[in-house]
Amino acid sequence: MRFTKAAAVIAASGLTLGLVACGDSGSEEAQGGDGGEGGNGGGSNYVTVYGTEPQNPLVPGNTNENGGGRIVDMIYAGLKYYDSEGVSHNDLAESIELEGEKTYRVTLREDAMWSDGTQVTADHFVDAWNYTMKEALLAASFYAPILGFEEGKEAMEGLQVVDERTFTIELEQPEADFPEQLGYSAFFPLHPSAYDDIAAYGENPVSNGPYTLTEWNHNQDATIVPNEEYNGERKVNNDGITFVFYAQQDAAYADLLAGNLDVLDAIPDSAFATFEDELGERAVNQPAAIFQSFTIPENLEHFSGEEGKLRRQAISRAIDRQQITDTIFEGTRTPATDFTSPVIPGHSDSLEGAEVLEYDPEEAKRLWEEADAISPFTGEFTISYNADGGHQAWVDAVANQIRNTLEIDAVGNPYPDFKSLRDEVTGRTIAGAFRTGWQGDFPLLSNFLTPLYATDASSNDGDYSNPDFDALLNDAASAASAEEATPLYNQAQEILLQDLPAIPLWYSNVTGGSSEQVDNVTFSWKSQPVYYEITKN
């Protein structure tokens, strides 16, 4: 598998994407692709849920962050989908069959339809993937396993349309877990009308998933309603979902308690000690595939080469993760032992070099002094974060620990919202370190490693590059099974533990709850509510 991108393409970053993330701007409404009212009519019985403003238009191949991603996953359908446990099921695919060692033959269901009543065809998948590659959209690197992938190119040789319902995917090399990735949004199709004006289409997409978008009031809310043309297994049990975009999680929690919000999956830290008592059986606190960190860019002064490796290790050793997870997060976080998540098969808590994630102030000072002998550190060490995400308490605590241990000027640097932060991260204009995290797209170790740390990968925010790490990713991807790939991915992680392109902090539980006005609220393996199962009383 190849991870390099065309030089002309700037990286897309892991949480931004060219399309929708946590904070797009604008005020006008976006009407759904079919303009319809949706399944059971009305709007008075919509389920209201927590959300964040998408950063960019709702184009699957250009969405890789949470705010836009949760909407994209509901208004689009791909070849597969993941259930609440992370198990993949065919969605629009009738079958995905291996032919030979590295070619998959995909047959679409005959009743796969767009919300405008037209049929979803093989061309719609192939054209969308090629377009994403050609335009170097944020999710393009997910196609790296496919024969002929190269950003900026017109088309991949490995994609061939056989007929209206059939296409083939030939890979560069055999990859046993490739079909498991096909439920991720990068592999969704696009309606043919998208290419006339991709930005306008993203504001007004045609749906092929369980819902269709009917309204998007920027920086306020977005509403999706059942798509009557969708015939897949994700049956909708409500009249619609309204995502309410909150500037502060405390406001969302107050609305939940007051009955003005139906479902919240982001309890603010101010309520960690009380929310389970206040919500009772409606509270949720369970493990999820979420990894939290902060990233120090490779081009940051004093943080490259041997000096940078020493400073990164010193900073990691200066952080008392257990104290922060106990005192600030009230047991809703677990200190990290790797770069993935304990809910992902193959996770290890005993990797070689994992001691760098343990608090040791004396070792931290020694490492920092060794780095100073190479080049003395001057100035301020900042950790940027979005103020609308409930991050101030832990950022301030981490900065205080670094400052007190290393005796440097370390401070948090708040941005007003997610979009503001991510725009600078994506544009590579941010100064200093910045908070990062990863919520699983599919339940594989590779998903927590390849998109974030492979050379020029879509979410490689810090521009990390290590050929030995890349080689292990390639070897793992070509393993005969996920079981055989696991030790290779974990060897790759041991390289990350030396280089620390990001500083692992903790794994997040999904902490949330629901109002008395809804039932059948469950949270998936990656922490999000299973929206289509929710019923309104």
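Sequence order as written defines the numbering, with residues in each chain counted from 1. It should be noted that, the model being predicted, local features are given only for residues of pLDDT at least 70 and side-chain atom pairs only at 80 or more, the latter also being counted only at that level, while totals for whole chains, interfaces and linings use all residues. For the side-chain quantities, the full set of heavy atoms in the structure was used; hydrogens and water were omitted.

- An unreviewed UniProt entry annotates the chain as Oligopeptide transport system substrate-binding protein of Corynebacterium timonense.

## Notes on the packing of aromatic side chains
And then number 1: Pairing of aromatic side chains here covers Phe, Tyr and the six-membered ring of Trp, requires ring centres within 6.5 Å, and sorts the geometry by plane angle: under 30 degrees stacked, over 60 edge-to-face, intermediate tilted. Counting across every chain of the model gives 26 aromatic pairs.
And then number 2: On the numbers, 5.5 Å between centres and 75° between planes, the contact of Tyr143 with Phe187 is edge-to-face. Of the two residues, Tyr143 is situated in the loop between α2 (122-134) and β6 (159-163) and Phe187 in the loop between β7 (166-170) and α3 (198-203); the sequence distance between them amounts to 44 residues.
And then number 3: Judged by relative accessible area, which is 0%, Tyr143 ranks as buried.
And then number 4: The class of Phe187 is buried, set by a relative accessible area of 0%.
And then number 5: Three or more aromatic residues joined by ring pairs form one cluster here, namely Tyr104, Phe125, Trp129, Tyr143, Phe167, Phe178 and Phe187.
And then number 6: In this structure, Arg311 is placed above the aromatic ring of Trp368, and the distance from its NZ or CZ to the ring centre is 4.5 Å. Secondary structure elements follow DSSP: runs of H or I of four or more residues count as helices, runs of E of two or more count as strands, with numbering from the N terminus. Under the scheme applied here, a residue whose accessible area is under 20% of the maximum for its type counts as buried, over 50% as exposed, and between as partly exposed, the area being computed with a 1.4 Å probe on protein chains only. Each ring is checked for a lysine NZ or an arginine CZ that lies within 6 Å of its centre and within 35 degrees of its normal; such an atom marks a charge sitting over the ring.

## Regarding the environment of Gly86
And then number 1: Locating Gly86 in the fold gives a position in the loop between β2 (80-82) and β3 (88-90).
And then number 2: Exposure remark for Gly86: the relative accessible area of 7% places this residue in the buried category.
And then number 3: Through-space distance from the C-alpha of Gly86 to that of Glu307 is 41 Å; in sequence the pair is 221 residues apart.
And then number 4: Setting aside chain neighbours within four positions, we find Gly86 in contact with Pro443 and Trp525. We call two residues in contact when some of their heavy atoms are within 4.5 Å.

## A word on the domain arrangement of the chain
And then number 1: Where each domain begins and ends follows an automated or database-derived domain assignment. The domain architecture assigned to the chain consists of domain 1 (47-255 + 515-536) and domain 2 (288-508).
And then number 2: Measuring from the centre of the C-alpha atoms in domain 1 to the corresponding centre in domain 2 gives 28 Å.
And then number 3: With 27 residues of domain 1 in contact, the opposing surface of domain 2 contributes 32 residues.
And then number 4: Buried area between domain 1 and domain 2, summed over both chains or domains, comes out near 2,300 Å², and the portion from carbon and sulfur atoms is 53%. Put simply, buried area is how much 1.4 Å-probe accessible surface two parts lose in total, over both of them, once they are put together.

## Regarding the layout of surface pockets
And then number 1: Here a cavity denotes grid points, spaced 1 Å and computed from the protein atoms alone, that fit a 1.4 Å probe unable to get out, and a pocket denotes an open set having protein on both sides within 12 Å along at least 5 of 7 lines; residues with an atom within 4 Å of a point are the lining. Grid points are joined across faces, edges and corners, and a volume is the space filled by probe spheres set on the points. When its volume is computed, the second largest pocket comes out at roughly 190 Å³.
And then number 2: For the lining of the second largest pocket, the elements supplying multiple residues, two or more each, are α11 (445-453) and α13 (482-499).
And then number 3: It is α13 that provides the largest number of residues to the lining of the second largest pocket, a total of five residues.
And then number 4: Each residue receives one of three labels: charged for Asp, Glu, Lys and Arg, nonpolar for Ala, Val, Leu, Ile, Met, Phe, Trp, Tyr, Cys and Pro, and polar for the others, Gly being one of them. Among the residues making up the lining of the second largest pocket, the classes are represented as seven nonpolar, three polar and two charged.

## Thoughts on α11
It helps to recall that an α-helix has 3.6 residues per turn; residues three or four apart then point in one direction.
And then number 1: Of all the nine residues making up α11, nine are buried; the element is thus mostly covered by neighbouring parts of the structure.
And then number 2: Every buried residue of α11 is listed here: Leu445, Ser446, Asn447, Phe448, Leu449, Thr450, Pro451, Leu452 and Tyr453.
And then number 3: Buried residues in α11 make contact with β12 (283-295), β16 (433-439), α12 (467-477), α13 and β17 (502-514).

## Observations regarding unusual backbone geometry
And then number 1: With phi around 55°, Ala136 is a residue other than glycine that occupies positive phi space.
And then number 2: Inspection of the secondary structure puts Ala136 in the loop between α2 and β6.
And then number 3: Judged by its relative accessible area of 16%, Ala136 falls in the buried class.
And then number 4: For Asn219, which is not a glycine, the phi torsion comes out positive at approximately 65°.
And then number 5: Its place among the elements puts Asn219 in the loop between β8 (211-217) and β9 (221-226).
And then number 6: You can call Asn219 partly exposed: its relative accessible area is 46%.

## With respect to the sheet that holds strand β5 (residues 103-108)
Consider a sheet: its strands pair through backbone hydrogen bonds, and that pairing is either parallel or antiparallel.
And then number 1: Spatially, β4-β5-β7-β6 is the arrangement adopted by the four strands of the open sheet, whose pairing is antiparallel. Where the open sheet ends on each side, the last strands, each with one partner, are β4 (93-99) and β6. Averaged over all pairs of adjacent strands, the angle between their axes in this sheet comes to 20°, without regard to strand direction.
And then number 2: Every axis in this analysis is a line fitted to C-alpha atoms, fitted for helices over the stretch in contact. Angles between the N-to-C directions lie between 0 and 180 degrees. Helix-sheet contacts for α2 involve β5, β6 and β7, and the interaxial angle to β6 is about 165°. Each pair of strands is called paired provided DSSP finds at least two bridges between the two strands.

## As for the pairing of β6
Note on strand geometry: in a regular strand, side chains alternate between the two faces of the sheet.
And then number 1: Across four bridges, β6 lies against β7 in antiparallel orientation. Counted as the bridge partner of Leu159 is Ile169 from β7.

## Some remarks on the packing of α11 against α12
And then number 1: Where α11 meets α12, the closest approach of the two axes is 11 Å, and the angle between their N-to-C directions is 140°. In terms of orientation, α11 lies oblique with respect to α12. For the element pair α11 and α12, the recorded crossing hand is left-handed. On the side of α11, the interface is formed by Leu449, Thr450 and Tyr453, while α12 contributes Phe469, Asp470 and Leu473.
And then number 2: Taken together, the residues of the contact of α11 with α12 break down into four nonpolar, one polar and one charged. Roughly parallel means an angle under 35 degrees; roughly antiparallel means over 145; roughly perpendicular covers 65 to 115; every other angle is labelled oblique. Helix crossings get a hand from a simple test, with the near helix turned counterclockwise from the far one by less than a right angle marking a left-handed crossing and a clockwise turn marking a right-handed one.

## Describing the side chain of Asn217
And then number 1: Locating Asn217 in the fold gives a position in strand β8.
And then number 2: Relative accessible area serves as the criterion here: at 10%, Asn217 is assigned to the buried category.
And then number 3: Whenever two N or O atoms come within 3.5 Å, that pair is a polar contact, provided that in protein one can donate a hydrogen and the other can accept it, and provided that, for residues adjacent in sequence, both atoms are side-chain atoms. Looking at Asn217, its side chain comes within polar contact range of the side chain of Asp221, at 2.7 Å.

## A few points about helix α8 (residues 361-374)
And then number 1: One less than the residue count of a helix, multiplied by 1.5 Å, gives the span that helix is expected to have. Here α8 contains 14 residues, and its C-alpha end-to-end distance of 20 Å stays within 8% of the 20 Å for a straight helix at 1.5 Å per residue.
And then number 2: Restricting attention to buried positions, one finds in α8 the residues Ala364, Leu367, Trp368 and Ala371. Looking straight down α8, one finds that the buried residues subtend no more than 100° of arc, so they occupy a single side. Across α8 from its buried face, at more than 90 degrees, point the exposed residues Glu362, Glu369 and Ala373.
And then number 3: The inward-facing, buried residues of α8 contact α6 (305-317) and α9 (392-406). Arc, as used here, means the arc of the directions from the helix axis to the C-beta atoms.

## Digging into the pattern of salt bridges
And then number 1: Between Lys or Arg on one side and Asp or Glu on the other, a salt bridge is scored when a side-chain nitrogen of the former is within 4 Å of a carboxyl oxygen of the latter. On inspection of all chains with the given rule, the structure shows 21 salt bridges.
And then number 2: Close ionic contact of Glu363 with Arg366 constitutes a salt bridge, the shortest N to O distance being 2.8 Å. Taken together, the residues span about one helical turn, with Glu363 and Arg366 both in helix α8 at a distance of three residues.
And then number 3: Note on Arg366: relative accessible area 40%, which makes it partly exposed.
And then number 4: Across the salt bridge formed by Asp461 and Arg422, the nearest N and O atoms sit 3.2 Å from each other. Here Asp461 is found in the loop between α11 and α12, whereas its partner Arg422 is found in helix α10 (residues 418-426), with 39 residues between them in sequence.
And then number 5: Counted as one network, the salt bridges with shared partners bring together Glu307, Arg311 and Asp372.

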